[in-house]
Every structure is written in C-alpha cells, then in structure tokens.
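# Working through the structure, step by step
The chain contents come next:
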Amino acid sequence: YIASGYVTKTIDANNNNAMLVAWTDSGESNGGVFSNGGNIVTLKTGSNLIGIGDYAFKGCANLTGATLGNGLQYLGKGAFQECKNMSGCSIDTAANLEVIQEKTFYGDIKLSSFTLPLNVKAICDSAFEGCTALATVQLTAASAGSTTTLEKTGNYLFKDCTSLTSVTFPDTYV
C-alpha cells in the first residue's frame, strides 16, 4: 500500500515480492508520500500492491506513466493529481478496483486516453478534470464474458477536457 505518512519496505524472501507499506493519518490534500517527487519518471506495480493512497504522487512533474497491476483495490483522492507529464495510466482490467476517487487524475494535462477496469462501479467528482490532452475514454471493457460494472459518475468528470472527442459508456449504464 502506498500512502501519506511513513513508509516501510518489506520483502518476502519466499517469493521475492517487495511490498511498500505506508499509513495516512492527515488526509490533507497538500501531498502524499511521493508528492512532488521530481525524480520519479515511471511507476510499475505488480499484483501484490493493493492500494495507492490519497495524493500519493500528486505533483510528480516528471512522472510520464503508470502501469498498475491486478491487485489494485484502492486508488486514492488526487493520487496522480497534477502530474503534468503523465501521458498514460494503464490499470489491469481485472483489478479489483471499485472506485476512482475524486481528482485522481485532475490536471494531468498530457494524459491522452484511459480505459476503465472491469470492476469499477463509480468514478467520483473531477476525476479527469483539466486533462486537456484527454481525447478518448473507454468506460467499458470486456474480458472473458465480463463487462464493466460502472453505475455512477460524479460531477465535473471531464470539465476542461478540451481535446475530448470520444467517451464510450457500458451498455448497462443508465
């Protein structure tokens, strides 16, 4: 789990899995554990990472992309907010993620496309607000007979997404 506060790194010698553990107690929007981390360029997680906490990578100016594994269950508020050079974020379609929190990708001006994982039921307010390069959003995915379970979207979801040309919703979305 990656979040605000302190960080502990543990390694399981049996299967060589590294796990980053952290705790959040402030809930403040001014930054998380790696916020404003200028040296972070890419992020790739495996299937053992279950969560990325609120504002964890907020303002990481050099972060260009993230690949998040199928173990992901929580993606916090503003987790990648204002990552000005982030052009892509790939979340495994089989991830157990059910909610994309508010302002998760807010102000990511180079984010150009996004595909929703299968299990997401809700996308909260302003999740993609200000993503001016965002052109296509796929809110429906299919995998081995399963389809996206999206039920709710928040306010200002695509506000100021001036390049947006295509949003595909699931057939079951009302």
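Everything in this summary refers to the structure shown in the same document. Small disclaimer: the values here were computed from a predicted structure and weren't measured.

If you walk across this open sheet you meet the 3 strands as S3-S5-S7, and the pairing is parallel. Each having just a single partner strand, strand S3 (42-44) and strand S7 (88-91) make up the two edges of the open sheet. Neighbour-to-neighbour, the strand axes of the sheet open up by a mean angle of 0°, direction not taken into account. Here strand S5 (residues 65-68) runs beside S7; their pairing, made up of 4 bridges, is parallel. The residue of S7 that forms the bridge with threonine 67 is serine 90.

To continue, consider the side chain of serine 126. Considering the arrangement of structural elements, one finds serine 126 in the loop between strand S10 (122-123) and strand S11 (136-138). With residues near it in sequence (within four places) discarded, serine 126 still touches Lys103, Tyr106, Asn155, Tyr156 and Leu157.

Quick look at the pairing of S5 now. As paired strands, S3 and S5 are joined by 3 bridges and run parallel to one another. Its bridge partner lying in S5, leucine 43 is registered against alanine 66.

Following the criterion strictly, the structure yields 7 aromatic pairs and no others. With 5.3 Å between their ring centres and 10° between their planes, phenylalanine 105 and phenylalanine 128 make a pair best called stacked. Highlighted residues: phenylalanine 105 in the loop between strand S8 (99-100) and strand S9 (113-115) and phenylalanine 128 in the loop between S10 and S11, separated in sequence by 23 residues. Just as phenylalanine 105 is buried, phenylalanine 128 falls in that class too. Taken together through their ring pairs, the aromatic side chains of Phe34, Phe57, Phe80, Phe105, Phe114, Phe128 and Phe158 make up a single cluster. Over the ring of tyrosine 106 we find lysine 103, and its NZ or CZ is 4.9 Å from the ring centre. The cationic tip of lysine 159 hangs over the ring face of tyrosine 156; the distance from NZ or CZ to the ring centre is 5.5 Å.

Procedures and definitions
- Residues numbered from 1 in each chain as written.
- Predicted model: local features only at pLDDT ≥ 70, side-chain atom pairs only at ≥ 80, totals over all residues.
- Heavy atoms only, no water.
- Pairing = 2+ DSSP bridges.
- Helix = DSSP H or I, 4+ residues; strand = E, 2+ residues; numbered from the N terminus.
- Axes fitted to C-alpha atoms, helices over the stretch in contact; angles between N-to-C directions.
- Contact = heavy atoms within 4.5 Å.
- Phe/Tyr/Trp six-rings, centres within 6.5 Å; stacked < 30°, edge-to-face > 60°.
- Buried < 20%, exposed > 50% of the residue type's maximum accessible area, 1.4 Å probe, protein only.
- Lys NZ or Arg CZ within 6 Å of the ring centre and 35° of its normal.

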